[in-house]
Amino acid sequence: MRQLPTLPLPAPAPPAEGYSRREALVMGLFALAAAATATGCSAADKLAYEEFVQKHFKDLSPEELKDRLASMEKRYTEQYGKDVHVSATPPQAGVLFGYALDLSRCIGCRRCVYGCVEENNQSRDPQTHWITVLEMDKEEGVNLQNANAFYDHETVPAPGKFYMPVACQHCENPPCVKVCPVQATWKEPDGIVVIDYDWCIGCRNCIAACPYGARRFNWGTPSIPKDELNPNTEYLGNRPRQRGVVEKCSFCLQRVRKGLYPKCVEVCPVGARKFGNLLDPDSEIRYIIENKRVFILKEELNTQPKFFYYYGL
Amino acid sequence: MRMRSDWWALACGTVTLLLAVACRPVEEKHPRFGSVMPSTATQDTAEAATRAAAKPVSAPAKSPRKTGAQLYPVAPPPFSDGVFPCSDCHGKTDVVNRTPHKVEFHEDIVLHHDEQNRWCLDCHDAQNRDKLHLADGRLIDFTESYRLCGQCHGPTLRNWKAGEHGKRTGSWSGDKQYLLCASCHSPHSPHFKPIKPKPAPRRQEAIR
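Residues numbered from 1 in each chain as written. Chains lettered and ligands numbered in written order. Predicted model: local features only at pLDDT ≥ 70, side-chain atom pairs only at ≥ 80, totals over all residues.

A. Up close: the overall build of chain B. For chain B, the count of helices and strands is 6 helices and 4 strands. Its helices and strands taken in sequence order, chain B reads α-α-α-β-β-α-α-β-β-α from the N to the C terminus. Taking all contacts inside chain B whose residues are at least 6 apart in sequence as the whole, residues at least 24 apart take part in 55%. (Helix = DSSP H or I, 4+ residues; strand = E, 2+ residues; numbered from the N terminus. Contact = placed C-beta atoms within 7 Å.)

B. The arrangement of the overall build of chain A in detail. Counting secondary structure elements, chain A contains 9 helices and 12 strands. Nonlocal contacts in chain A, meaning residues at least 24 apart in sequence, comprise 64% of its contacts between residues at least 6 apart.

C. Layout of helix H9 (residues 284–291) of chain A. Regarding H9 of chain A, the residues found buried are Glu 284, Ile 285, Arg 286, Tyr 287 and Ile 288 of chain A. Those residues of H9 of chain A that are buried lie in contact with strand E2 (97–102), strand E10 (273–277), strand E11 (293–295) and strand E12 (307–311) of chain A together with helix H5 (154–162) of chain B. (Buried ≥ 20, exposed ≤ 12 C-beta atoms within 10 Å, placed from the backbone.)

D. Summary view of unusual backbone geometry. Cis peptide bonds are those with omega within 30 degrees of zero, and the linkage from Val 156 of chain A to Pro 157 of chain A qualifies with -5 degrees. Assignment of secondary structure puts Pro 157 of chain A in the loop between strand E3 (132–137) and strand E4 (161–166). Cis peptide bonds are those with omega within 30 degrees of zero, and the linkage from Phe 84 of chain B to Pro 85 of chain B qualifies with 0 degrees. Relative to the helices and strands, Pro 85 of chain B is located in the loop between helix H3 (68–71) and strand E1 (132–133). The residue Arg 204 of chain A is not glycine, and still its phi comes out positive at about 70 degrees. Mapped onto the fold, Arg 204 of chain A is located in the loop between strand E6 (193–195) and helix H6 (205–209). With a phi close to 50 degrees, Asp 114 of chain B is a non-glycine residue in the positive phi region. Among the structural elements, Asp 114 of chain B can be located in the loop between H3 and E1.

E. Structural detail: the nonpolar core. With 68 residues, the main nonpolar core has Ile 131 and Phe 251 of chain A as its most contacted residues. Beyond its immediate stretch of four places on either side in the chain, Ile 131 of chain A contacts Cys 112, Val 113, Cys 116, Pro 165, Ala 167 and Cys 264 of chain A. Core analysis: the second largest hydrophobic core is formed by 9 residues, Tyr 146, Trp 160, Leu 180 and Cys 181 of chain B among them. (Core = buried A, V, L, I, M, F, W, Y, C linked by C-beta atoms within 7 Å.)

F. Expanded view of the sheet that holds E12 of chain A. All names here are of chain A. Here 4 strands make up an open sheet; going across it, the order is E10-E2-E12-E11 and the pairing mixed. Because the sheet does not close on itself, it has two edges, and the strands there are E10 and E11. Going across the sheet, the axis of each strand differs from the next one's by a mean of 30 degrees, ignoring polarity. Across 5 bridges, E2 lies against E10 in antiparallel orientation. Bridging across to E10, Gly 98 finds its partner in Gly 276. Contacts between H9 and the sheet are confined to E2, E10, E11 and E12, with E10 contributing the most and set at about 110 degrees to the helix. (Pairing = 2+ DSSP bridges. Axes fitted to C-alpha atoms, helices over the stretch in contact; angles between N-to-C directions.)

G. Spatial organisation of the environment of Cys 180 of chain A. Residue and element names in this part refer to chain A. Locating Cys 180 in the fold gives a position in the loop between helix H5 (175–179) and strand E5 (185–187). A residue is classified by how many C-beta atoms lie within 10 Å of it, and Cys 180, with 20 of them, is buried. For the pair formed by Cys 180 and Cys 206, sequence separation is 26 residues and the distance between their alpha carbons is 6.1 Å. Filtering out sequence-adjacent residues up to four positions away, Cys 180 remains in contact with Thr 185, Asn 205 and Cys 206.

H. Structural detail: the environment of Val 74 of chain B. Residues and elements named next belong to chain B. Within the element layout of this structure, Val 74 appears in the loop between H3 and E1. For Val 74, a count of 19 C-beta atoms within 10 Å gives the class partly exposed. Those residues within four positions of Val 74 in sequence are excluded, and the remaining contacts are Thr 143, Tyr 178, Leu 179 and Leu 180.

I. Broad picture of the confidence of the model for chain B. All names here are of chain B. Across chain B, the average pLDDT comes to 75, with 65% of residues at or above 70. Per-element confidence in chain B is highest for E1, whose mean pLDDT is 95, and lowest for helix H2 (residues 44–53), whose mean pLDDT is 40. Segment residues 25–64 is flagged for pLDDT under 50; beyond a separation of four residues in sequence, or across chains, it makes 41 contacts in the model. (pLDDT = per-residue confidence, 0-100.)

J. Region of the structure containing the environment of Thr 155 of chain A. Summarising the element assignment, Thr 155 of chain A is placed in the loop between E3 and E4. Judged by local crowding, Thr 155 of chain A falls into the exposed class, with 12 C-beta atoms found within 10 Å. In this structure the C-alpha to C-alpha distance between Thr 155 of chain A and Phe 97 of chain A, which are 58 residues apart in sequence, comes to 33 Å. Look past the residues within four positions of Thr 155 of chain A in its chain and what remains in contact with it is Pro 194, Ile 195 and Lys 196 of chain B.

So, in structure tokens, the structure goes:
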């Protein structure tokens with residue numbers, strides 16, 4: 001493949017003199033706006049200002065991060081009328097997450113899809129699903145061109161069909177990360193590809209680059225019923241998103257970094273979904289990779305997914 | 001002569017060096033991911049320390065004294081309401097007809113599990129109904145029924161123990177909760193029945 005020329009990007013201005021260029025510019029604009037309305041600065045204005053000039057997640061100092069989390073919690077708590085907790089759990093050392101899915105067991109019941117929606121606060125209307133379950137012919141095998149995500153049978157599995165749920169593959173070599181012009185998405189040390197929703201500019205380059213169709217764009221304002229909101233949220237994971245940003249599977253960051261299984265693993269009624277630490281030789285994920293017929297999706301693209309499909313039978 | 005001893009010393013030195021290189025402890029790395037571990041500057045040291053320790057946090061402690069129930073903590077057996085203990089009705093001194101025959105009671109149970117060759121007392125113990133028995137006659141509790149199932153389904157039991165077969169809940173790194181075979185498969189009719197799927201996603205054209 002032809003190597004794209006890299007643009008000589010200007011180095012980010014060091015915030016040595018108190019304010020960076022970006023902050024100074026935005027502050028100037030806000031000052032102008034405040035002067036124009038002559039109303040002074042209310043608490044809501046302050047929050048809006050803070051959000052507008054905030055730094056990239058990775059550049060936040062521990063104190064700044066604490067402030068950000070606190071103001072987010074305040075805003076979500078007001079918005080949803082219940083105690084919402086936002087945290088930024090760091091990755092555990094010596095852990096690289098991997099996922100395996102048994103194609104010979106999956107029955108296409110979509111329990112994982114809706115379990116994920118509830119756990120990760122996906123928009124109900126307009127509808128956002130991080131997992132797509134594809135139905136394909138057993139006789140034909142894995143052929144994504146003839147896959148159907150909109151099957152609607154009375155009962156599943158339908159005769160002669162098999163099912164392949166697809167979500168973010170958490171590539172070791174993620175094309176979405178490469179194309180993001182603002183580095184709003186990146187791969188964490190534990191292998192999870194995350195998005196800073198406040199840094200995303202909504203250009204959707206990552207959606208075009210992802211060969212698995214795993215990323216979703218919030219075309220409309222996401223809506224979640226207040227009583228259905230999951231209040232245990234993560235900065236880089238399942239906190240409520242805004243319109244105009246991209247989201248996708250995060251391996252249930254808010255669960256797995258605390259040692260729990262992802263939600264889809266726990267709701268699967270046939271036990272087709274497996275999860276664990278790829279660096280732990282005793283983990284079930286390693287047992288599967290070493291003993292079962294495993295394949296990865298679109299291997300030829302060298303994306304090196306950490307999501308493994310296998311045949312357990 | 002002087003020349004020869006020099007050569008001898010050189011040869012000895014080379015062999016020692018080669019041996020030292022060959023016997024150097026090899027750092028254990030995963031063939032696929034060990035070398036491409038992503039890391040940030042702040043986490044480099046912590047990760048290096050963990051890898052040097054070479055003991056994954058989640059490795060379960062292996063003690064030979066652990067019994068089946070401790071090794072594989074399972075959810076309670078899924079008894080129908082009011083059916084256990086079986087000894088409420090079946091006494092230990094009852095006279096039992098051990099020839100396979102149609103039973104007039106327990107009509108809700110339909111045996112569809114190699115029913116040509118098997119019947120109740122192949123698994124349930126005739127004399128102690130609160131227990132099951134293995135093929136060799138050893139009695140086991142219902143909480144260890146996977147040992148009974150594993151007599152025929154050996155590879156499945158092996159995969160279940162490794163965490164490949166069946167659903168695991170709890171923690172990927174710490175205590176795992178296993179489910180008994182019978183928690184998902186009815187022991188009398190183990191094949192899964194088709195279920196109703198959740199609604200299909202809305203088509204993109206329909207989203208406005």
